[in-house]
Amino acid sequence: PIPIVIIPGDGGCQLEARWKKDKVKHFFCKKHQREWTTLWLDPVDLLPGLIDCWSDNIRLVYSEANDTFNNSPGVETRVPG
């Protein structure tokens with residue numbers, strides 16, 4: 001089964017992330033983001049191609065062995081406050 005994540009409102013989510021990846025979806029996707037950055041919602045990130053970078057950073061990965069969901073490899077997230 002594929003999880004469905006519902007995030008209320010277009011600009012209401014304050015999820016932040018930083019990442020360090022060995023591989024990215026496209027050459028123009030950032031491999032490293034040292035400072036915390038808001039993942040949602042910058043309309044520029046939703047353009048064709050760039051949406052692949054965004055979706056790779058915000059996706060969850062299911063571990064069948066642990067029955068848990070985790071961040072995309074190399075991505076650290078937080079909710080400030």
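Here, the structure is the one placed above.
Just so it is clear, the structure is predicted and the values come from calculations on it, not from any experiment.

Criteria and cut-off values
Residues numbered from 1 in each chain as written. Predicted model: local features only at pLDDT ≥ 70, side-chain atom pairs only at ≥ 80, totals over all residues. Heavy atoms only, no water. Disulfide = S-S within 2.5 Å. Helix = DSSP H or I, 4+ residues; strand = E, 2+ residues; numbered from the N terminus. Buried < 20%, exposed > 50% of the residue type's maximum accessible area, 1.4 Å probe, protein only. 1 Å grid on protein atoms, 1.4 Å probe; cavity = no way out; pocket = protein on both sides within 12 Å on 5 of 7 lines; lining within 4 Å. Points joined across faces, edges and corners; volume = space filled by probe spheres on them. Nonpolar A, V, L, I, M, F, W, Y, C, P; charged D, E, K, R; others polar.

Glancing now at the state of the cysteines. Counting across every chain of the model gives one disulfide. Covalently, Cys29 is tied to Cys53 through a disulfide, its sulfur atoms 1.9 Å apart. Since a negative S-S torsion denotes a left-handed disulfide, the Cys29-Cys53 link at about -75° is left-handed. In this pair, Cys29 is assigned in the loop between strand E1 (16-20) and strand E2 (32-38) and Cys53 in helix H1 (residues 50-58), connecting sequence segments 24 residues apart. A residue is classified by how much of its surface remains accessible, and Cys29, at 7% relative accessible area, is buried. Judged by relative accessible area, Cys53 falls into the buried class, the value being 12%.

With that out of the way, let us pick up the layout of surface pockets. Of the volumes computed, that of the largest pocket is approximately 290 Å³. For the largest pocket, the lining is made up of 14 residues, of which Trp19, Lys30, Asp45, Cys53 and Asn57 are closest to its centre. Elements with a contribution of two residues or more to the lining of the largest pocket: E2 and H1. Considering each element in turn, the lining of the largest pocket owes the most residues, four residues, to H1. Here the residues of the lining of the largest pocket sort into seven nonpolar, four polar and three charged.

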